[in-house]
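Here are the chains, one letter per residue:
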Amino acid sequence: VRAPPALCYAWNIFKRIVDPGIAEKVKVAGPSETLALLQEHISNDQIPAFLGGGLRIDGDPECRKILAPGGPIPDAVFERFLQLTAEKQQVAGRRGDPRREEVRKCTVETEQRTGCGLCWRRPRSD
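Counting its regular elements, the protein contains four helices and three strands. Reading the protein from its N end, one meets helices and strands in the order α-α-α-α-β-β-β. When burial is assessed residue by residue, the protein has 22% of its 126 residues classed as buried. When contacts within the protein are restricted to residue pairs at least 6 apart in sequence, those whose partners lie at least 24 apart make up 30%.

Put into structure tokens, the structure is as follows:
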């Protein structure tokens, strides 16, 4: 939804070479087609107002109380991610499953953080 024109153009070309079953499942909508596409699957009162629907949470058209606005990853969330990753490694190690993939260890560097295989970079928050 709200895809830039270049992406819509690229998808219209690319979808001709992918499997028809996949092309049928993927929908790319530019700004003018976004609301119509969403309304095919969601009632208008559940579509946020910033996308053209009628949903506002406490008067906020972007519904920031229920939709993540993006931005830096909070430290508490990042630390929880590290904890869960470490626990997963311990459990996988106890099972001795030879098929398991190696989970990259997260590193906390002075200037940036790199997440386990997710390739995110988080600027240092001072």
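Back to the text.
Bringing the pattern of salt bridges into the picture now. Tallied over the entire structure, the rule returns three salt bridges. With its nearest N and O atoms 3.0 Å apart, the salt bridge here joins Arg 64 to Asp 60. According to the relative accessible area criterion, Arg 64 is partly exposed, its value standing at 48%. Through salt bridges with shared partners, a single network forms among Asp 60, Glu 62 and Arg 64.

Here we take up the packing of aromatic side chains. Throughout the structure, instances matching the rule amount to one aromatic pair. Ring geometry for Trp 11 versus Phe 14: centroids 6.0 Å apart, planes at 50°, classification tilted. Placement of both Trp 11 and Phe 14 in helix 1 (residues 5-14) is noted, with a separation of three residues, approximately one turn of the helix. Judged by relative accessible area, Trp 11 falls into the buried class, the value being 13%.

With respect to the helices, strands and loops of the structure, Ala 10 is situated in helix 1. Accessibility expressed as a relative area gives 38% for Ala 10, which makes it partly exposed.

In this structure, Arg 2 is a non-glycine residue whose phi angle is positive, near 55°. Note on placement: Arg 2 falls in the segment before helix 1.

What follows concerns the confidence of the model for the protein. A residue-level look at the protein finds 71% of positions with pLDDT of 70 or above and a mean pLDDT of 77. Within the protein, the lowest mean pLDDT, 42, falls on strand 1 (residues 107-108), and the highest, 95, falls on helix 1.

On the surface, Phe 50, Ile 66 and Leu 67 cluster together into a nonpolar patch covering about 260 Å² of accessible area. For Phe 50, the location among the structural elements is in the loop between helix 3 (34-39) and helix 4 (75-95).

Of note, Thr 34 is situated in helix 3. A polar side-chain atom of Thr 34 sits 2.8 Å from the main-chain amide nitrogen of Arg 2. Ignoring any residue separated from it by four or fewer positions in sequence, one finds Thr 34 in contact with Val 1, Arg 2, Ala 29 and Leu 51.

The rules we used
- Residues numbered from 1 in each chain as written.
- Predicted model: local features only at pLDDT ≥ 70, side-chain atom pairs only at ≥ 80, totals over all residues.
- Heavy atoms only, no water.
- Helix = DSSP H or I, 4+ residues; strand = E, 2+ residues; numbered from the N terminus.
- Buried < 20%, exposed > 50% of the residue type's maximum accessible area, 1.4 Å probe, protein only.
- Contact = heavy atoms within 4.5 Å.
- Salt bridge = Lys/Arg side-chain N within 4 Å of Asp/Glu carboxyl O.
- Phe/Tyr/Trp six-rings, centres within 6.5 Å; stacked < 30°, edge-to-face > 60°.
- pLDDT = per-residue confidence, 0-100.
- Patch = residues over 30% accessible without salt bridge, like charges linked within 9 Å, V, L, I, M, F, W, Y side chains within 5 Å.
- Areas by Shrake-Rupley, 256 points an atom, 1.4 Å probe, with all protein chains shown as cover.
- Polar contact = N/O pair within 3.5 Å; in protein donor to acceptor, adjacent residues only side chain to side chain.

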